[in-house]
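Each chain is listed here by its residues.
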Amino acid sequence: MTANETLAAWVERSGRRRGSRPAGGSLRFAFYGRVSTQDWQDPVSSRVRQREQAEMLVRGHGCVVAEFFDEGESRPVAWGRRPQAAALVALLSDPCRGRDAVVVGEYERAFYGSQYALMAPLFEHYGVQLWMPEAGGRVDFGSEHDEQAMTALGLSSKREIIRTSIRVRTAMAVQTREQGRYLGGRPPYGYKLGDAGPHPNKAHAA
């Protein structure tokens, strides 16, 4: 069974039928956002900024009627393992879900690597639109151009994570070698911690 089939089967286990958009009227959007607290992001301001970007994108097309926001979840974590994303996915097949589309404020807050390729067929299957700023609005699931753009964004997001990981590991190695700085955890047997002064980075020192 493929990843798409597994995810679809998980949704279908709720016993609900495939939903469809109501005829006429404004679109009802579910906003999805995510923030990781590992890189010193402020969850409150990040959520507000992402939601405002999403609301600006859908203005004139409908309004946001529900919010799903994952706090403290890393980008590589799959949708099924993010609590709010999983809750959103579980509602896709509900004909009484009360929303026609999902909107995100930033691509990288929702998708990483191949996650878009896994989720797009599920949105399309249940007749749920996906809107994001990088697509200028609604993502056309049948458009080769949109598919290529989303794939490129996914690869870019993955490269950013890899670059950040390399920078962090390199910086830690340099701090240990050049500054003799202890990087945390329980000190080795026979050693005790000493005050090395304030952190050289003002933000971290504060």
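What you see is a predicted model; the values in this text were computed from it and never measured.

## Description of the nonpolar core
One finds Y32, W79, F111, F123 and L130 to be the most contacted residues of the largest nonpolar core, which totals 24 residues. Of all elements in the fold, only strand 1 (27-35), strand 2 (62-71), helix 3 (83-90), strand 3 (101-104), helix 4 (107-110), helix 5 (115-125) and strand 4 (129-132) reach the threshold of two or more residues within this core. Tallying contributions element by element places helix 5 first for this core, with five residues. Discounting chain neighbours no more than four positions away, the residues touching L130 are V102, F111, Y116, F123, G137, R138, V139 and F141.

## Quick word on the packing of aromatic side chains
Tallying each qualifying case throughout the model produces six aromatic pairs. Their ring planes at 15° and their centres at 5.5 Å tell us that W79 and F111 sit as a pair that is stacked. Within this pair, whereas W79 is found in the loop between strand 2 and helix 3, its partner F111 is found in the loop between helix 4 and helix 5, the two being separated by 32 residues in sequence. Among the residues examined, W79 registers a relative accessible area of 4% and is labelled buried.

## Digging into the pattern of salt bridges
Per the stated rule, a full pass over the model turns up seven salt bridges. For the salt bridge of E67 with R47, the shortest nitrogen-to-oxygen distance reads 3.2 Å. One end of the pair, E67, is in strand 2; the other, R47, is in helix 2 (residues 43-58), with 20 residues separating them in the sequence. Among the residues examined, R47 registers a relative accessible area of 29% and is labelled partly exposed. Measuring nitrogen to oxygen at the nearest pair gives 3.6 Å for the salt bridge that ties R75 to E108. Taken as a pair, R75 in the loop between strand 2 and helix 3 and E108 in helix 4 lie far apart in primary sequence, 33 residues in all. By relative accessible area, which is 10% here, R75 ends up buried. Overlapping salt bridges bring together R47, R51, E55 and E67 as one network.

## Looking at empty space enclosed by the protein
The final tally for this structure, using the stated rule, is one cavity of 30 Å³ or more. Each pocket or cavity is described by its volume, and for the largest cavity that value is around 40 Å³. Contributing to the lining of the largest cavity are L88, L91, L92, R97, R99, D100, A101, V102 and V128. By residue class, the composition of the lining of the largest cavity is six nonpolar, no polar and three charged.

So, how was this worked out
Residues numbered from 1 in each chain as written. Predicted model: local features only at pLDDT ≥ 70, side-chain atom pairs only at ≥ 80, totals over all residues. Heavy atoms only, no water. Core = buried A, V, L, I, M, F, W, Y, C linked by side-chain atoms within 4.5 Å. Buried < 20%, exposed > 50% of the residue type's maximum accessible area, 1.4 Å probe, protein only. Helix = DSSP H or I, 4+ residues; strand = E, 2+ residues; numbered from the N terminus. Contact = heavy atoms within 4.5 Å. Phe/Tyr/Trp six-rings, centres within 6.5 Å; stacked < 30°, edge-to-face > 60°. Salt bridge = Lys/Arg side-chain N within 4 Å of Asp/Glu carboxyl O. 1 Å grid on protein atoms, 1.4 Å probe; cavity = no way out; pocket = protein on both sides within 12 Å on 5 of 7 lines; lining within 4 Å. Points joined across faces, edges and corners; volume = space filled by probe spheres on them. Nonpolar A, V, L, I, M, F, W, Y, C, P; charged D, E, K, R; others polar.

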